[in-house]
Amino acid sequence: MIDTDMQNKKIHQGRNIKRFREMLGIKQEALASELGDEWNQKKISLLEQKETVESDILAQVAKILKVPAEAIENFDEEQAVNVIASTFNDNAAVINNYPTFHPVDKILQLHEEKIALYERMLKEKDEMMERLEKLLEKK
């Protein structure tokens, strides 16, 4: 039943052009400029409102956006959201919720390193003081 619904659902190519353009941070004016002199911001706006886009224009836009034309033709936001949602529900997210180290252990390690550094600095200070005292005694 779901497959039938997906097949019957129309993909809005103009909206997909807009989505890809916005994801890439490209303004309508810039896309119009890349498409040629006969294009302007208003014409891009109208293009993005079309449900289906002529294949030659679609190919040009895809080339400018550096995405496959098939991506614009077939991208379905609802399907993408479902894939992302199921990924997070399956605990297969990119975020590692179970780190391999314990944060408290890491803090203790850093604290110990800081103490060791401080002790080395104190030892060097004492050695320097001894050298200075020896120099003063010679005079």
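This text goes with the structure placed above it.
Presented here is an overview of the structure given in this document.

Calculation criteria
- Residues numbered from 1 in each chain as written.
- Predicted model: local features only at pLDDT ≥ 70, side-chain atom pairs only at ≥ 80, totals over all residues.
- Heavy atoms only, no water.
- Helix = DSSP H or I, 4+ residues; strand = E, 2+ residues; numbered from the N terminus.
- Contact = heavy atoms within 4.5 Å.
- Core = buried A, V, L, I, M, F, W, Y, C linked by side-chain atoms within 4.5 Å.
- Buried < 20%, exposed > 50% of the residue type's maximum accessible area, 1.4 Å probe, protein only.
- Arc of directions from axis to C-beta.
- Salt bridge = Lys/Arg side-chain N within 4 Å of Asp/Glu carboxyl O.
- Axes fitted to C-alpha atoms, helices over the stretch in contact; angles between N-to-C directions.
- Parallel < 35°, antiparallel > 145°, perpendicular 65-115°, else oblique.
- Nonpolar A, V, L, I, M, F, W, Y, C, P; charged D, E, K, R; others polar.

What to know about the side chain of glutamine 13
Mapping glutamine 13 onto the fold places it in helix H2 (residues 13-23). If we ignore the near neighbours within four places in the chain, the residues touching glutamine 13 are Lys50, Glu51, Thr52, Val53, Leu58, Ile72 and Glu73.

A word on the nonpolar core
Core analysis: the biggest nonpolar cluster contains 16 residues, and Ile17, Trp39, Leu47, Val61 and Ile72 have the highest contact counts within it. Elements that contribute at least two residues to this core include exactly H2, helix H3 (28-35), helix H4 (41-49) and helix H5 (55-65). In terms of residue count, the dominant contributor to this core is H5 (five residues).

A short note on H2
Turning to H2, its buried residues number three or more, namely Gln13, Gly14, Asn16, Ile17, Phe20 and Arg21. Seen end-on, H2 carries its buried residues on one side only, within an arc spanning 160 degrees. Check the buried side of H2 and you find it contacts H3, H4, H5 and helix H6 (69-74). Directly beyond the C-terminal end of H2, a positive phi value near 70 degrees is found at glycine 25.

Notes on unusual backbone geometry
In this model, lysine 66 sits at a positive phi of 60 degrees, which is unusual for a non-glycine residue. Structurally, the position occupied by lysine 66 is in the loop between H5 and H6. Judged by relative accessible area, lysine 66 falls into the exposed class, the value being 74%.

Comments concerning the pattern of salt bridges
With the rule as written, the count across this model stands at four salt bridges. Its salt-bridge partner being glutamate 22, residue arginine 21 comes within 4.0 Å of it at the nearest N-O pair. By relative accessible area, which is 46% here, glutamate 22 ends up partly exposed. With a shortest N-O distance of 2.5 Å, arginine 21 and glutamate 48 are connected by a salt bridge. With arginine 21 in helix H2 and glutamate 48 in helix H4, this residue pair connects regions lying 27 residues apart in the sequence. Comparing arginine 21 with glutamate 48, the two get one shared label, buried. Sharing partners across several salt bridges, the network here consists of Arg21, Glu22 and Glu48.

Points about the packing of H3 against H4
Look at H3 against H4: their axes get within 8 Å of each other, and the N-to-C directions meet at 100 degrees. Here H3 lies roughly perpendicular to H4, going by the angle between them. In this structure, H3 uses Gln28, Glu29, Leu31, Ala32 and Leu35 to contact H4, whose residues at the interface are Gln41, Ile44, Ser45 and Glu48. A breakdown of the residues in the contact of H3 with H4 according to their chemical character gives four nonpolar, three polar and two charged.

All we've got here are geometric facts, nothing functional implied.
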